[in-house]
Amino acid sequence: SASADELREEMNKNARSILHRIRWFDNIEDMGCLHVIGTERHESRRIDNQLRGRSGRQGDNGSSRFFVSLEDDLMKMFAGETTMKLLSRLGMKEGDAIEHPWLSKNVERAQKKVEERNFQIRKNILEYDEVMEHQRQRFYGLRQRILEGRQVKELIFEYIEDVVDDAIEEYLDDDYAATCAADYAREQLDCSILPERLKGKDADEMDIAIRRLAKEDVTANIIMTIGEYMPMEGSEVSIDFDSAGLHRWAKNRFGIDIDTGELREGGADQRREVQAMLEEAAFAKIDAEPLDKIPSFADPRYGAEKLSEWVKGKFTKEIDPDQIMKYDADDELRVRDLIIETARELYEKREAEFPADFIMQRVMMLARQDPTGAFETLGKWARDRFGMELTPEEIKTTPPAKIRERIIEASRNAMEDDDLSVMVEKAMATSSDDELDELLTQRYGEGITERMRYLDENEREPAIRARVETLSRPELVQFEQMVLIETLDTSWKDHLYSMDQLRDTIGFRAIAQTDPKIEYKREGQRMFKGMMREIREKVTGYIFRARIAAPPPRPMPQAPRQAPTQQAPRPQQQRPQGQGFATGNIVGSSIVGPGFSGGQMLEPPKPKPTPAPKAAPESDPTNESDESSS
């Protein structure tokens, strides 16, 4: 650093400042310290105190002075037009200064009120965001678990058990048939009937009860609606009588025409006459309405039949309704165990067949471009995966169905031998990451991920289990991850939009003398549970119904037309493989099923470009220019 004499000499050379010739100050404190001038007061005292602190850093002396205008935002908030008028009456003019300790205290009190208001705003926002924070933690924790492949199979069976419990609770409920009958009556007869009044009745009794209750309901509706068009006796004036509205309602509701000319006064006699006319038309319509589905609601097997239909639609396998009723009537048997065992058998079957379907579809696709390479790929995959020996000559001479059956049999044998659990135990027994990486590389040709090297001891075991499962059954794990992630993301985006709408309108609940915050928490929890229930329904349906399908065949590239010239045509550029197909996550296959548009997951290797011919007898200049422009 330069000395004081060197600084003065340098300043003299530049001759831009001569103040140092008057007096030289050794430090800022000798100069009089730093003085901070504030042109207004901030609404937060913390900001003003930080500005004051600039004047005296590290214990140096300093001073500050603030100038406040009554037109500042802070003063307008607590000293508005009333204060301005009062000061004007006292003779104050624009530009006059007011200095008093009371003014500083009033400003501080105003700042304190603003800070309290801002604190309440932040607190209110946090209370509303607390609901979403709990939902985000649960949702993204589940999503991260799926991305890491941790216990994906167990998660799917948790969803299966939940949807089975919900279905059993709905279809085997004692009031289910009566509820369906009440809904059917409402659709057919446009009436409201309580399910309890139909419970335990046979077909004839239920039919009679529905028509009787429908007549009672329509009678009450007619009496109430007539009062909106025809005034009761003792009404002040008769101008409230709406004959045109009554005519339209009777025409639209019951299909009868009422002569409004005879209903000019709307007295009690005319009211009873209109009521009798409408009741007669309504009763005739109720008696004539066929109720063909009533016998099915009265059937004791109705709930079991509906549950059987649900199982077939969900798991693609039907269970006999009589078997469901047998399990439901026996205290030692549970319908839940019957359905879940059926789902487990179907899942094991799919687990054995999925790798075979996957590799066969991929090989068939690759064989269109390079048959020899496709057969070698199938042989290597079977050898690495199940220890099967399939030579290209054997594959070439064996029907695809036979090869598929052999792969499925090898897959079942691996599942029966529990190769996955054995490999997990070996992986758990390793003492270091390098040893684990070497073990997995020898068995699957791929080791651990870089992230696994930095896990804690508590996280290492689930990560190893997930990694072994992913490498042992990659096709099905990847398919399940795709189904789960796509379903989760779509449902979560819809849920966020619904929560935003709820947040914008929840304040109106205060009109009903309820706390909007409590109502927001209650409604948010209900909506989140509904979203998770919807996710379970979609995922369990996709897992069993989606299938692998071959991609549509690509059109063969047309050879360029030969023109009568000696110029060699340019080689036609081939389109990169994979374009024109939807993308996804399953290697070399398409997923087809409800909710899937189908898509190819990993593109097959690109074919070698077709070499250009050495020469051609003739060429068309027009065709050449078109090809080059394309």
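Keep in mind the model is a prediction, meaning the values are calculated, not measured.

**Topic: the side chain of glutamate 469**
Stage number 1. For glutamate 469, the position within the fold is in helix H22 (residues 457–472).
Stage number 2. A relative accessible area of 9% means that glutamate 469 is categorised as buried.
Stage number 3. Beyond its immediate sequence surroundings of up to four residues, glutamate 469 is in contact with Gly149, Gln151, Lys153, Leu420 and Val477.

**Let's talk about the pattern of salt bridges**
Stage number 1. As enumerated under the stated definition, the model contains 42 salt bridges in all.
Stage number 2. In this structure, the salt-bridge partner of arginine 336 is aspartate 165, at a minimum N-O distance of 2.6 Å. One end of the pair, arginine 336, is in helix H16 (residues 335–367); the other, aspartate 165, is in helix H8 (residues 152–171), with 171 residues separating them in the sequence.
Stage number 3. Classification of arginine 336 as partly exposed rests on a relative accessible area of 21%.
Stage number 4. For aspartate 165, a relative accessible area of 29% puts it in the partly exposed group.
Stage number 5. Put simply, arginine 186 and aspartate 183 hold a salt bridge, and the shortest N to O gap is 2.9 Å. With arginine 186 and aspartate 183 both in helix H9 (residues 176–189) and three residues apart, this pair spans about one turn of that helix.
Stage number 6. The partly exposed category is assigned to aspartate 183, whose relative accessible area is 28%.
Stage number 7. Beyond isolated ion pairs, a larger network of salt bridges with shared partners links Lys153, Glu351, Glu469, Arg473 and Glu480.

**Considerations on the environment of threonine 83**
Stage number 1. Note on placement: threonine 83 falls in helix H6 (residues 81–89).
Stage number 2. Accessibility expressed as a relative area gives 27% for threonine 83, which makes it partly exposed.
Stage number 3. When the C-alpha positions of threonine 83 and leucine 70 are compared, they lie 8.5 Å apart, and in sequence the two are 13 residues distant.

**What to know about unusual backbone geometry**
Stage number 1. One non-glycine residue with positive phi stands out, namely glutamine 151, at about 55°.
Stage number 2. Following the sequence through the fold, glutamine 151 ends up in the loop between helix H7 (101–148) and H8.
Stage number 3. Look at glutamine 151 and you get partly exposed, because its relative accessible area is 42%.
Stage number 4. In this model, threonine 316 sits at a positive phi of 60°, which is unusual for a non-glycine residue.
Stage number 5. You can see threonine 316 is positioned in the loop between helix H14 (302–315) and helix H15 (321–329).

**Some thoughts on the confidence of the model for the chain**
Detailed reading of predicted coordinates is not advised where the pLDDT is low.
Stage number 1. Of the residues in the chain, 80% reach a pLDDT of 70 or more, and the chain-wide mean stands at 79.
Stage number 2. A low-confidence stretch, residues 565–630 (pLDDT under 50), is modelled with 123 contacts involving residues beyond four sequence positions or located in other chains.

**Some thoughts on the nonpolar core**
Stage number 1. Ranked by internal contacts, the top residues of the largest apolar core, which has 92 residues, are Leu198, Leu278, Leu307 and Phe315.
Stage number 2. Of the residues forming this core, the biggest block, 11 residues, is contributed by H8.
Stage number 3. The residues touching leucine 307, leaving out its near neighbours within four places in the chain, are Ala167, Ile168, Tyr171, Leu172, Ile324, Val335 and Ile339.
Stage number 4. Judged by nonpolar contacts, the second largest core, of 20 residues, contains Phe358, Met360, Leu366 and Ala414.

**Observations regarding the packing of helix H20 (residues 419–428) against H22**
Stage number 1. As a packed pair, H20 and H22 sit with axes 10 Å apart at the nearest point and diverge in direction by 140°. Taken as axis vectors, H20 and H22 run oblique relative to one another. The handedness of the crossing between H20 and H22 is right-handed. Here Leu420, Met423, Val424, Ala427 and Met428 of H20 lie close against H22, whose contacting residues are Glu461, Ile464, Arg465, Val468, Glu469 and Ser472.

What counts and how
- Residues numbered from 1 in each chain as written.
- Predicted model: local features only at pLDDT ≥ 70, side-chain atom pairs only at ≥ 80, totals over all residues.
- Heavy atoms only, no water.
- Helix = DSSP H or I, 4+ residues; strand = E, 2+ residues; numbered from the N terminus.
- Buried < 20%, exposed > 50% of the residue type's maximum accessible area, 1.4 Å probe, protein only.
- Contact = heavy atoms within 4.5 Å.
- Salt bridge = Lys/Arg side-chain N within 4 Å of Asp/Glu carboxyl O.
- pLDDT = per-residue confidence, 0-100.
- Core = buried A, V, L, I, M, F, W, Y, C linked by side-chain atoms within 4.5 Å.
- Axes fitted to C-alpha atoms, helices over the stretch in contact; angles between N-to-C directions.
- Parallel < 35°, antiparallel > 145°, perpendicular 65-115°, else oblique.
- Left-handed = near helix turned anticlockwise from the far one by under 90°.

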